[in-house]
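Working through the structure, step by step
Listed below, chain by chain, are the residues.
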Amino acid sequence: MSTGAVASVKAKLDIVEIIGESVPLRKAGTTWKGLCPFHGEKTPSFVVTPARESWHCFGCGLGGDVFSFVMQREGIDFPEALKRLAARAGVELDERTSREDARRKRLRDVLEAAVAFYHRVLTDTRHGQPALDYLRGRGFTDETVATFQLGWAPDAWEPLSKALRTKRGATDEELETVGLAVRGRRGVYDRFRGRIIFPIRDASGHATGLGGRILEQGGDGASGRDRGPKYLNSPATPLFDKSRSLYLVDRARTAMRRTGRAVIVEGYTDALMAHQAGFENVVAGLGTALTAAQVELLTRYAPSIALAYDVDPAGQSAGTFGATELTALIAEVQRSRARVGLTEVGVVRLPEGKDPDEVIRDDRATWEAAVGAPQPIMDYLVEYFAARHDPRTVQGRKRLVEAVAPTLRQIGDPVERDAYVQSLARRAGVDVRTVQELLQRPETARPGTDPSATGHGTGRFTADAVLASRETIDGTEAAQTLDPIERELLGLLLRHVDERAAIAAADELPPEALLTTPARELWRAVREADVAARAADSAAAGTTLEPFVRGLDPELAAIVRGLVERAAPRLSDDRASRAVEQCLIRLQLRRVGDELDFLRAELAEAQARGRAVAGGAASGGSAETGAAGGAALDGAASGGVVAGGPVAGGGIAVADNLIDRIRALERERADLDRRAAASTVLTRTTSRTPVGGPV
Ligand SMILES: [Zn+2]
């Protein structure tokens, strides 16, 4: 049995070396510091701690282990990051992983062969001529057609299937699995017929699916027949998940990072035209409303998102982006792990009735100006409703406030929410308190929001099924790759569905609050399984651990087994609840402690700089205060530092700011200590001591 690839990779690779390849780092005590590659900054707040195999940015809040760094940097998911780092460390992946990889690779090859086939038909055969003429007529150059591998699927039943079977040895099962063919009564036939083909790729540039669009008119003959929907995408396949894909993300990511802004358009041709014109930070959605996963994908590259959809002021006609979609998007932004601020999401205002590709082609300056100054999404929404409900009338005011209220309730950040409450009140001409009062009224119950409905029956994981399965990775060993707090917390949560429901209801534990990537991935998978179980309303059946584990990556599955194997017997509800709370507090204490260490070191540096500026006028005594890492700041004695550490020039403001933040964190820590103590006292009466010891 092996310890698992995750543990071996971490043991063999040096996190400072891996991160140091793309981020210049300098040593600072036991840590390394550099400029954060994920947000723009001029003074380093990106810290790598080799002892813990972790990194954290105190500027933007991102952090994690070597896997999450590579995921963030490359825009790839965990299995892909594991594969790359394992290859680099010379670690062999579990047999099941390699089998799975081989299968995915085979499917990808079949899909790439289809992309090449369709491209050849478009550019090299008479079947493709009408489509090629159409694309040229829309203003696309032959170079664009070649670069983006556009294609044409002939309007016939099986040219692709035939070609891939004979030339590539593809099986019907493979053609069907990868979404290229559909099974009928007499075998499989091509899914895409009589359509322009747009290859869809993941951030690493691998083909994952296809988008197909019918020609406006004419095309490959066969007029009058029902040609199906205007756009047809690949179905969900092992390679393709529409809700996590964006057209041209592979080509846009560098520009998104450089410009700090991701621009989303609606149509494939809009995105293509933007790239052809040199606006490369543009991606297209896949014909559905944006999902949290897509928002998250974008914010890996850019902190700000501009929506250049055909936002329809009337919101009536089909296929346009109206208020409902905007509200849904705001909810998704709030749900996404990225926690991008709502002010960073804006709507691009284009000249009425114009599609992005027209504007880009005919009027570059207008496009540049519009994309450069998008209207913040909440302002846009308020304006949108104000145009429909006249705030000069009593009825209009009421309707306006009521229309925006559901969206305001979605905003998690109280400061942000408050700002929008005020602007809505101003716009509607009502008192701020009136809006607040309306917000406090209970919202009409929506399915899935009632925590009491989630606790029963769902997610009833049974340990026996998991332990019964024989595996090659030693679960207990694999679980060692998690931090002790994570081991205890996830062990508890796997066994106590009520605790999971409570955490989900209060949104207490976003995956990124955990420390290691395997723990985050596991927690995310558990939460998704719970949501699915709730949606299926399995009040009687419940989810068992077995199918859940079977669906997991083998590395994660081994960790789950390890967590379940080492688990103490199920605790009473009350004790489980306290144990979970202890873990959550310890996680927060860890975070606060790390930030305090960072800020104290910053303060020491700022004070040292200040003294240098002051030309050595400062007393020698204060220098030691700084060098000691600001230890004097602990507790109530912190006032002494301000007096004891004279800081000159612009350093004063910096140091004052640091001292304020340090004090706030010290208060937070004292508070957490109190909560931890209170919880422990109560726990001890039932003789439970948290595993893993104090932080
Ligand atoms: Zn950062």
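Residues numbered from 1 in each chain as written. Predicted model: local features only at pLDDT ≥ 70, side-chain atom pairs only at ≥ 80, totals over all residues.

Time to look at the nonpolar core. Across soluble globular proteins, nonpolar side chains have a tendency to be buried as a group. Of all hydrophobic cores here, the largest spans 164 residues; its most connected members are Y247, I264, A271, V283 and A308. Sequence-distant contacts of Y247, defined by excluding residues within four places in its chain, comprise F198, I200, G211, Y268, A271, V283, A284 and L286. Counting residues in each nonpolar core, the second largest holds 10 residues, with V592, A606, A655 and L658 among its members. (Core = buried A, V, L, I, M, F, W, Y, C linked by C-beta atoms within 7 Å. Buried ≥ 20, exposed ≤ 12 C-beta atoms within 10 Å, placed from the backbone. Contact = placed C-beta atoms within 7 Å.)

Spatial ordering of the open sheet is given by β13-β12-β14-β15-β16, a layout of five strands whose pairing is mixed. Looking at strand neighbours, the two that pair on one side only are β13 (282–284) and β16 (375–376), the edges of this open sheet. Direction of pairing for strand β12 (residues 261–265) relative to strand β14 (residues 304–307): parallel, over a ladder of four bridges. Within the sheet, the bridge partner assigned to A262 lies in β14 and is I305. (Pairing = 2+ DSSP bridges. Helix = DSSP H or I, 4+ residues; strand = E, 2+ residues; numbered from the N terminus.)

Next up on the list: the sheet that holds strand β5 (residues 63–64). Strand-to-strand pairing in sheets goes through backbone hydrogen bonds, with the strands running parallel or antiparallel. Reading across the sheet, the five strands line up as β1-β2-β3-β4-β5 and stay open at both edges, with antiparallel pairing between neighbours. With one partner strand each, in any of the chains shown, β1 (26–28) and β5 form the two edges of the open sheet. As paired elements, β1 and strand β2 (residues 31–34) share three bridges and run antiparallel to each other. Paired with A28 across the bridge in β2 is T31.

This brings us to the confidence of the model for the protein chain. Any residue range with low pLDDT should be treated as having predicted coordinates unsuitable for detailed reading. For the protein chain, the mean per-residue pLDDT works out to 80, and 80% of the residues sit at or above 70. Of all helices and strands in the protein chain, the one with the weakest mean pLDDT is helix α20 (residues 463–468) (37), whereas strand β6 (residues 151–153) scores best (97). pLDDT under 50 marks residues 313–320. Its contacts with residues more than four places away, or in other chains, come to eight contacts. Contacts of residues 683–695 to residues separated by more than four positions or lying in other chains number 16 contacts, the stretch itself having pLDDT below 50. (pLDDT = per-residue confidence, 0-100.)

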